[in-house]
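Coordinates in review
Below are the chains, spelled out letter by letter.
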Amino acid sequence: MGMSVTISAATDADAEQILKLQYLCYQSEAQLYGDYSIEPLTQSLDSVRAELTGGTVLVARLGDEVVASVRGTVDADGTARIGKLIVHPRMQRHGLGGRLLTAIESALAGPAKRFQLFSGHRSEHNLRLYRKHGYAQVSTRQVDERLTLVTLAKEIDASALATSA
């Protein structure tokens, strides 16, 4: 490609690029479930900015372009909740999602005792990625006749995080 992808903390200046990328990336999810009113497609720019200040948001850049992003927060009980892992369609299937997942785990590992995330039951690529990174299904919740959310979790292995960072 000529340029390498770098991962770093997102800044407020990234909010608009993150929102546009999110809109692009969640089209396939909306199509998969027949629902274009899902939260990632209706989220406002102000809401993305609030997530930037209220949690940990990482971006992957190719030059100046944000090509992937992920968000995470740690609850009072020590559960790191990871969400909205998105990778530009042209950058998918090259390991960038896994790199970003490992990076957000490392960023949240200090205060966290476990990681948790969720995906739709038909999102096989996502579920496969999470399982490959050590996540196991802990619950399901039927949202409606089209969507069942699958919650996956893993306990923190501090020694594994130290060697992958």
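Residues numbered from 1 in each chain as written. Predicted model: local features only at pLDDT ≥ 70, side-chain atom pairs only at ≥ 80, totals over all residues. Heavy atoms only, no water.

Describing the overall build of the chain
Filter applied, for reference: Put simply, DSSP marks the helices as runs of H or I at least four residues long and the strands as runs of E at least two long, and each gets a number from the N terminus on. All radius of gyration figures rest on C-alpha atoms, and the globule criterion is 2.2 Å times the number of residues raised to 0.38. Only protein chains enter the calculation, and the probe is 1.4 Å; a residue is then buried if its accessible area is under 20% of its type maximum, exposed if over 50%, and partly exposed in between. Should any heavy atoms of two residues lie within 4.5 Å, those residues are counted as being in contact. Only four residue types enter the charge count, namely Lys and Arg as positive and Asp and Glu as negative; His and the chain termini do not. Think of each charge as sitting on NZ of Lys, CZ of Arg, CG of Asp or CD of Glu.
The helix and strand tally for the chain stands at seven helices and seven strands. Ordered by position in the sequence, the α and β elements of the chain form the string β-α-α-α-α-β-β-β-α-β-α-β-β-α. By the compact-globule yardstick of 15 Å for 165 residues, the chain fits well, its C-alpha radius of gyration being 15 Å. Projecting the C-alpha coordinates of the chain onto the three principal axes gives extents of approximately 40 × 35 × 30 Å. Looking at the 165 residues of the chain, the share that counts as buried comes to 42%. Here the contacts in the chain between residues at least 6 apart in sequence split such that 62% fall between residues at least 24 apart. In the chain, 18 side chains carry a positive charge and 18 a negative one; their mean positions are 5 Å apart.

As for the pairing of strand β6 (residues 136-142)
Just so we agree on the cut-off: The pairing criterion for strands is at least two bridges between them, as found by DSSP.
The pairing of β6 with strand β7 (residues 148-155) spans six bridges and is antiparallel. Of the residues in β7, the one forming a bridge with R141 is L149. Between the antiparallel neighbours β6 and β7 lie five residues.

Considerations on the environment of F115
Its place among the elements puts F115 in strand β5 (residues 114-120). A relative accessible area of 1% means that F115 is categorised as buried. When the C-alpha atoms of F115 and E155 are compared, they prove to be 6.3 Å apart, with 40 residues separating the residues in sequence.

A word on the nonpolar core
The criterion, for reference: Here, nonpolar core refers to any group of buried Ala, Val, Leu, Ile, Met, Phe, Trp, Tyr and Cys residues whose side-chain atoms link them within 4.5 Å.
Residues I82, L96, L101 and Y135 are the most contacted members of the largest nonpolar core, which totals 25 residues. Among the elements of the structure, β2 (56-62), β3 (65-74), β4 (79-87), α5 (96-108), β5, α6 (124-132) and β7 are those that each provide at least two residues to this core. Among the elements that take part in this core, α5 stands out by supplying five residues, more than any other. Setting aside anything within four residues of it in sequence, one finds L96 in contact with V5, A60, V67, A68, V87 and M91. If you look at the next biggest cluster of nonpolar residues, it comprises 16 residues, including A15, I18, V57 and V59.

A word on the side chain of H88
Secondary-structure assignment places H88 in the loop between β4 and α5. Apart from the residues lying within four places of it in its own chain, the contact partners of H88 are L21, L24, C25, E65 and V67.

What to know about the side chain of S119
Take S119: it is sitting in strand β5. Under the relative-accessibility criterion, S119 is labelled buried at 5%. Residues within four places of S119 in sequence aside, it is in contact with N126, L127, Y130, T148, L149 and V150.

Points about the pattern of salt bridges
Side chains bearing opposite charge may pair, as long as their charged atoms lie close to each other. Put simply, the rule is: What counts as a salt bridge is simple: a side-chain nitrogen of Lys or Arg found within 4 Å of a carboxyl oxygen of Asp or Glu.
In the structure shown here, the tally under the stated rule is twelve salt bridges. Note that R71 and E51 form a salt bridge whose closest N and O atoms lie 2.3 Å from each other. Here R71 is found in strand β3, whereas its partner E51 is found in helix α4 (residues 45-54), with 20 residues between them in sequence. Overall, the relative accessible area of 6% leaves R71 in the buried class.

A short note on the sheet that holds β3
Rules: Think of each axis as a best-fit line through the C-alpha atoms, taken over the contacting stretch in the case of a helix, with angles from 0 to 180 degrees between the N-to-C directions.
Spatial strand order, β1-β2-β3-β4-β5-β7-β6: seven strands in an open sheet with mixed pairing. Edge positions in the open sheet fall to β1 (5-9) and β6, since each of these has one partner strand only. If you compare each strand with its neighbour and ignore which way they point, the axes differ by 25° on average.

Re α5
Short version of the rule: By this rule the span expected of a helix is its residue count minus one, scaled by 1.5 Å.
Between its first and last C-alpha, α5 extends 18 Å over 13 residues, near the 18 Å set by a 1.5 Å rise per residue. Taken residue by residue, α5 has L96, G97, G98, L100, L101, T102, I104, E105 and L108 as its buried positions.

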